[in-house]
Amino acid sequence: FNPGDTRRPIGLNILEYSPERPEEKTFIINTLIEIIDKLYNLQLTGGPMFEQYLRNALLLIMDDPSWGYTLLEVSKVFVDESFREELLSKCKNYPVVEFWTKQAPIVGGELSLENMITWITSKLNPFITNDFVRPIIAQSKSSIDFNYIMNERKILIVNLSKGLIGETSAYLMGMLLISKILLTAFARITIPEEERKDFYLYVDEFQNFAFKGVASILAEARKYRLSMVLAHQYIKQLPEEISSAIVGNVGTIISFRVGAQDAEFLERLFLPVFNKFDLVNIPNYNAYIKLLIYGYVSDAFNLKTFPPETPNKELALKVSELSMLKYGRDKSEIEKEIAEKYANLI
């Protein structure tokens, strides 16, 4: 999955959820609001009313998963009254109907429905105006089946190079993908624990994609047979809540050479075998490790790694091309669908 290759975008409708698990809506909406908060700090630029309007708009277009609406339709809820009325006539979530028919119309001043339109659309712009992200999230049906990948032991490789798609796009796509993987792991509650297959999630530059949903699953990841490998440069990159959850829940800790500040923190994890002076002087391709073995933590020991081998770029290119052809759609076809969605607003 390479958002930087726009020839045949692979679909990822972040509002899609399983009809058998309607409670997934809450997780998706909370994650989306958290991502927007991470980008804009909603305490300063939105507040509770922004969240209330956005949450009810999302609940409205997600009321029936068969509708297949995407983030592109969120703004239509605010600017297209006939579209909103049509959805309300079919909506079975009565608190949402009450909000749009009884509460929103009587709010005046800066928090009125008319004034909130620009607040909402401005926060969604990174999703719907980005040339890399829009063709991906505008597709009603996702090409990526996370249940199939996780439960059938398939491999999903994601290339989120900032140089290709930009920093904001990389953050957005990374957090959305991780949230979908975590949601799929939570859905394993319906599978007997002994039948859950191990799934490994490797996240490089983890500080870019750290959000509260990750902290919430760390304590239960083993139960869902989700193994998480989280790599980053130094501890202060992470919010304190998440770094505390990691240190408190991970079983195996591997440390390559670190700076003096991190060595102070990590020393207590590797004593009495290694101290902070050892941690700042580890040779290249060596690391110190404390390994979790059948629920018990081993003494720390030295681990020698090897430089990466020269990759087979020709094979990698062929795999990438095959994935694009099999799971992607022609960009002009997607753009035509987007134009039709907006036709009645022009």
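Rules of the game
- Residues numbered from 1 in each chain as written.
- Predicted model: local features only at pLDDT ≥ 70, side-chain atom pairs only at ≥ 80, totals over all residues.
- Heavy atoms only, no water.
- Helix = DSSP H or I, 4+ residues; strand = E, 2+ residues; numbered from the N terminus.
- Buried < 20%, exposed > 50% of the residue type's maximum accessible area, 1.4 Å probe, protein only.
- Core = buried A, V, L, I, M, F, W, Y, C linked by side-chain atoms within 4.5 Å.
- Contact = heavy atoms within 4.5 Å.
- Pairing = 2+ DSSP bridges.
- Axes fitted to C-alpha atoms, helices over the stretch in contact; angles between N-to-C directions.
- 1 Å grid on protein atoms, 1.4 Å probe; cavity = no way out; pocket = protein on both sides within 12 Å on 5 of 7 lines; lining within 4 Å.
- Points joined across faces, edges and corners; volume = space filled by probe spheres on them.
- Nonpolar A, V, L, I, M, F, W, Y, C, P; charged D, E, K, R; others polar.

Caption draft 1: Structural context of unusual backbone geometry. Residue Pro272 is reached from Leu271 by a cis peptide bond, and omega for that bond is 5°. In this structure, Pro272 sits in the loop between helix 14 (260–270) and helix 15 (276–279). Positive phi values are uncommon outside glycine, yet Tyr294 reaches one of about 50°. Position of Tyr294 relative to the elements: it lies in the loop between strand 5 (292–293) and strand 6 (296–297). The class for Tyr294 is exposed, based on a relative accessible area of 81%.

Caption draft 2: Expanded view of the nonpolar core. Core analysis: the biggest nonpolar cluster contains 90 residues, and Leu71, Val74, Phe78, Trp100, Phe127 and Leu226 have the highest contact counts within it. Broken down by element, this core gets its largest block of residues, 13 residues, from helix 11 (residues 167–186). The residues touching Leu226, leaving out its near neighbours within four places in the chain, are Met150, Leu182, Ala185, Phe199, Leu201, Ile217 and Ala221. Counting 11 residues, the second-largest nonpolar core is a separate cluster that includes Ile253, Phe270, Phe274 and Ile282.

Caption draft 3: Examining the sheet that holds strand 3 (residues 253–255) more closely. Pairing is antiparallel across the open sheet formed by three strands, whose spatial order is 3-4-7. A strand with exactly one partner marks an edge of an open sheet, and here the two such strands are strand 3 and strand 7 (301–304). The mean angle between the axes of side-by-side strands here comes to 35°, regardless of whether they run parallel or antiparallel. Judged from the four bridges that link them, strand 4 (residues 286–290) and strand 7 form a sheet pairing that is antiparallel. When the bridges of strand 7 are listed, Ile289 appears paired with Phe301.

Caption draft 4: Focus on the layout of surface pockets. Considering only enclosed or pocket space, the largest pocket measures out at about 1400 Å³ in volume. Listing elements by their share of the lining of the largest pocket, those giving two or more residues are strand 1 (199–203), strand 2 (226–230), helix 13 (240–249), strand 3, helix 14 and strand 5. If you tally residues by element for the lining of the largest pocket, the top one is strand 2, at five residues. Taken together, the residues that form the lining of the largest pocket break down as 26 nonpolar, nine polar and six charged. The space that makes up the second largest pocket amounts to roughly 900 Å³. Lining the second largest pocket we find 32 residues, and of these Phe1, Ile10, Ile157, Val319 and Ser323 sit closest to its centre. For the lining of the second largest pocket, the secondary-structure elements that each account for two or more residues are helix 8 (134–137), helix 9 (146–151) and helix 16 (313–327).

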